[in-house]
Amino acid sequence: MDDSITVDGKTIHVTKPEKLLWPEAGISKRDYIEYLLAVSPYLLPYTKDRLLMMWRYPDGVGTKRIEEKAVPDFAPDWIPRAFYKDKHWILLNDAATLAWVGNYAALELHVSFDRYWKKNYPTELVFDLDPADPVDFERVLEVALQLKAVLDSLSLVSVAKISGATDLQIYVPIDCRYTFEETRKINKFIAEYMARQNPRRITLERNVKKRGGKLYLDYLQLWKGRTMPAPYSVRTQARATVSMPVTWGEVENGFAPSDFTIRNAVQRIREKGDLFSPLTTDKHSYNQGLDEILSFLEAHRR
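Here the structure is a predicted model, which means the values were calculated and not measured. (Residues numbered from 1 in each chain as written. Predicted model: local features only at pLDDT ≥ 70, side-chain atom pairs only at ≥ 80, totals over all residues. Heavy atoms only, no water.)

**Focus: the environment of Val 39**
Our working rule: Here a helix means four or more residues in a row that DSSP labels H or I, a strand means two or more in a row labelled E, and each is numbered from the N terminus. Contacts are assigned to residue pairs with any non-hydrogen atoms lying within 4.5 Å of each other.
For Val 39, the position within the fold is in helix α1 (residues 29-47). As a C-alpha pair, Val 39 and Ala 256 span 217 residues in sequence and 22 Å in three-dimensional space. Contacts of Val 39, omitting those with residues within four sequence positions, involve Tyr 232, Val 266 and Ile 269.

Take a look at the structure:
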């Protein structure tokens, strides 16, 4: 049995709306699409004009994953898209498109760090804190606070976001005028400083087998063509956890990644507001010190 919904004047035929996409959590396709529409005012301001990579699970979580970038041939003409390299990508620009990809069983929504009309100029710095042991999330929170202190010392505003899995991601909103090469220099400088200060806890080693049980501070993901889970997108964990922005007070007090799920995310946003708004509002008031940092790094290099 199919249902039809109309979003912004666009009709989406929802196939198998009762199908459980997160069986353990009891989340159906209808539940998922309703969630996406509920968070669309907060999710879409960030995903707008960014290339979308979908992690599709047509048979639900725990089954085969399909990573899909190109716009399917059967997609309606009203789906926004942009050509990059050898294919057209979906642009997650409106609620109707969000509902359509939900019906397409795109259960994870990963987007680029730049916008298609200003390629190679990311809108933020990003650091991903990846624990060696998923159970050891307290270490992630401790390192996140240490990283915030470093960013504060550089007069850089930062926002924390739980990945929805075991990682914590730190975003630094910036004016969109620095290339990936320039932001890589700053990311590397900060990450190497963190690793020198915490050699027993932090590693910059990408090879998992060589990390020696240390937390991996990933500064390299911020790059051309790479993606990160969008804020408020659901992850394919058994409990349908959400990639949720958190306050620094929450990081200090402690929490578990499993605390934020599709069941409580909408109410949380109503209570706390859009904690990711520094990334989507006018960023001219944030983080004007990158020129000074780049000048310092260039002088140090010489």
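**Focus: the sheet that holds strand β10 (residues 124-130)**
For clarity, the threshold we go by: Two strands pair if DSSP finds at least two bridges between them. To define axes, lines are fitted to C-alpha atoms, for helices over the stretch in contact only, and angles between the resulting N-to-C directions are given on a 0 to 180 degree scale.
Spatially, the 6 strands line up as an open sheet ordered β13-β14-β10-β12-β11-β16, and their pairing is mixed. Only two strands of the sheet have a single neighbouring strand rather than two, namely β13 (202-203) and β16 (245-246). Pairing analysis gives 2 bridges linking β13 to strand β14 (residues 215-218), with the strands arranged parallel. Counterpart to Ile 202 in the pairing with β14 is Leu 215. Together, β10, β11 (159-162), β12 (168-173), β13 and β14 form the strand contacts of helix α3 (residues 137-153), whose direction differs from that of β12 by roughly 15°.

**So, the sheet that holds strand β15 (residues 227-229)**
Pairing in this open sheet of 4 strands is antiparallel, and the strands run β6-β5-β9-β15 from one edge to the other. Pairing within the sheet leaves two strands with one partner each, and these edge strands are β6 (66-68) and β15. Across the sheet, the mean angle from the axis of one strand to that of its neighbour is 30°, orientation sign disregarded. The pairing of strand β5 (residues 52-56) with β6 spans 3 bridges and is classified as antiparallel. Of the residues in β6, the one forming a bridge with Trp 55 is Glu 67.

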